[in-house]
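# Analysis of the macromolecular model
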Amino acid sequence: MSAELPSAPVSSSAVVIAVDGPVAAGKGTLARRLAALYGYAYLDTGALYRAVGAKVLREGGDPGNPVAAAAAAAGLTDADLKAPELRSEPVGLAASKVAAIPAVRAALLDYQRRYAATPPGGQPGAVLDGRDIGTVVCPEAAVKLFITARDEVRATRRHKELIDKGENPTYDQVLADLRRRDAQDQARETAPLKPAGDAHLLDTSDLDIEAAVQAAQDIVAAVLQP
Ligand code: DC
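Rules behind the numbers
Residues numbered from 1 in each chain as written. Predicted model: local features only at pLDDT ≥ 70, side-chain atom pairs only at ≥ 80, totals over all residues. Heavy atoms only, no water. UniProt positions renumbered as here; feature names shortened; annotations may be inferred. Core = buried A, V, L, I, M, F, W, Y, C linked by side-chain atoms within 4.5 Å. Buried < 20%, exposed > 50% of the residue type's maximum accessible area, 1.4 Å probe, protein only. Helix = DSSP H or I, 4+ residues; strand = E, 2+ residues; numbered from the N terminus. Salt bridge = Lys/Arg side-chain N within 4 Å of Asp/Glu carboxyl O. Lys, Arg positive; Asp, Glu negative; His and termini not counted. Polar contact = N/O pair within 3.5 Å; in protein donor to acceptor, adjacent residues only side chain to side chain. Contact = heavy atoms within 4.5 Å. Near = heavy atom within 4 Å. Areas by Shrake-Rupley, 256 points an atom, 1.4 Å probe, with all protein chains shown as cover. Axes fitted to C-alpha atoms, helices over the stretch in contact; angles between N-to-C directions. Parallel < 35°, antiparallel > 145°, perpendicular 65-115°, else oblique. Left-handed = near helix turned anticlockwise from the far one by under 90°. Nonpolar A, V, L, I, M, F, W, Y, C, P; charged D, E, K, R; others polar.

As recorded by an unreviewed UniProt entry, the protein chain carries the name Cytidylate kinase and is attributed to Ferrovibrio xuzhouensis. If you open the UniProt record of the protein chain and go to Subcellular location (unreviewed entry), you find "Cytoplasm".

What follows is the structure, given as structure tokens:
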């Protein structure tokens, strides 16, 4: 089945920073920090897919079922986006499954593009983090970052996050889940996880948060004020 995605990106004067990358590479932290720094709006697009996955699971459905997943995406509400279980591992895996279904991606695309084109609160720009922001959602983004880190580093970070939240998966489970999710996200036919041709790669394996933010900021500055 090939991708059927609606039309062209919405055009506007808002500055868009696209932050893509695999699971737990540090995208969310970086994107939030950049948004705060520049006074831009921030959209965690993974939360949209997580909300769809969580909704299907809550209704007892199979996240891989295109009919159930498309119906959940079409009927997504603000309350779904605030579901308490959104950040859990099972919901992450369900999100990755629903994200492979073209009808789900199509249902979420317009919202993401409008957010980027007209950021809430009249902010002059938006930072979106996800998997396909630079390739599909906002191919005209002013700056595209693709954040990576070694699998073991990402698993260690994610493991700590889950332990801090009171969950107790083993490190090996977290590493296996992360690899499974990355493989699914990369292999899907519609909007797979991959860097845009004009994305700037940033490997955060050996950087702490402050150094990673500084590196991202340097890239943004070099692109926006060459
Ligand atoms: O960033 P995250 O881990 O919260 O994302 C959850 C899943 O949603 C991820 O495994 C793939 C999917 N996703 C996507 O396909 N496209 C996006 N722009 C964001 C997330």
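Continuing now.
### Some thoughts on the nonpolar core
Of all hydrophobic cores here, the largest spans 19 residues; its most connected members are Ile17, Val19, Leu30, Leu34, Val127, Leu145 and Ile147. Among the secondary structure elements, those contributing two or more residues to this core are strand S1 (15-20), helix H1 (27-38), strand S4 (143-148) and helix H10 (209-224). Per element, the largest residue contribution to this core is five residues, and it comes from H10. Among the nonpolar cores identified, the runner-up in size contains 15 residues, and Leu43, Tyr115, Ala126 and Ile133 belong to it.

### Things to note about the pattern of salt bridges
This model, assessed by the stated rule, comprises 20 salt bridges. Its salt-bridge partner being Glu85, residue Arg58 comes within 3.2 Å of it at the nearest N-O pair. A residue pair is termed long-range when its members are at least 10 positions apart, and Arg58 in helix H2 (residues 45-58) and Glu85 in the loop between helix H4 (78-81) and helix H5 (89-98) qualify at 27 residues. On the basis of relative accessible area, Arg58 is assigned to the partly exposed category, the value being 46%. The partner of Lys165 in a salt bridge is Glu167, and the shortest N-O contact between them spans 3.7 Å. The network of salt bridges with common partners includes Asp151, Glu152, Arg154, Arg179 and Asp182.

### Observations concerning the side chain of Asp20
Along the chain, Asp20 turns up in strand S1. This buried residue, Asp20, is left without a salt bridge; Arg131 holds the nearest opposite charge, at 6.9 Å. Among the polar contacts listed, one links the side chain of Asp20 to the backbone nitrogen of Ile133, at a separation of 2.9 Å. Among residues more than four places away in sequence, those in contact with Asp20 are Lys27, Gly130, Arg131, Asp132, Ile133, Gly134, Leu145, Phe146 and Ile147.

### Digging into the site of the ligand
Around the ligand, a shell composed of 15 residues is seen, among which Arg50, Arg105, Arg181, Asp185 and Arg188 lie nearest. The side chain of Arg50 places a nitrogen or oxygen atom 2.6 Å from an oxygen atom of the ligand. A distance of 2.9 Å separates a nitrogen atom of the ligand from a polar side-chain atom of Asp132. Contact with the protein chains hides 97% of the accessible area of the ligand, taken as 450 Å² for the molecule alone. For the shell around the ligand, the elements supplying multiple residues, two or more each, are H2, H5 and helix H9 (171-187). The element that contributes the greatest number of residues to the shell around the ligand is H2, accounting for four residues.

### Description of the packing of H5 against H9
Each pair of packed helices can be described by the angle between their axes along with the distance between the axes. Contact geometry for H5 and H9: axes closest at 9 Å, N-to-C directions at 15 degrees. With respect to each other, H5 and H9 are oriented roughly parallel. Crossing of H5 against H9: the hand is left-handed. Side by side, H5 and H9 meet where Glu89, Gly92, Leu93, Ser96 and Lys97 of the first sit next to Asp177, Arg180, Arg181, Gln184 and Asp185 of the second. For the contact of H5 with H9, the residue count by class is one nonpolar, three polar and six charged.

### Here we look at the UniProt feature "binding site: ATP" (unreviewed entry) in the protein chain
In the UniProt entry, the feature "binding site: ATP" (unreviewed entry) is given for Gly21, Pro22, Val23, Ala24, Ala25, Gly26, Lys27, Gly28 and Thr29. Owing to a relative accessible area of 4%, Val23 belongs among the buried residues under this scheme. Setting aside its immediate chain neighbours within four residues, Val23 contacts Arg131, Arg154, Leu178, Arg181 and Asp182. Relative to the assigned elements, Ala25 resides in the loop between S1 and H1. Once you skip the residues sitting within four places of it in the chain, Ala25 turns out to touch Ile147, Thr148, Ala149, Arg154, Arg157 and Thr204.

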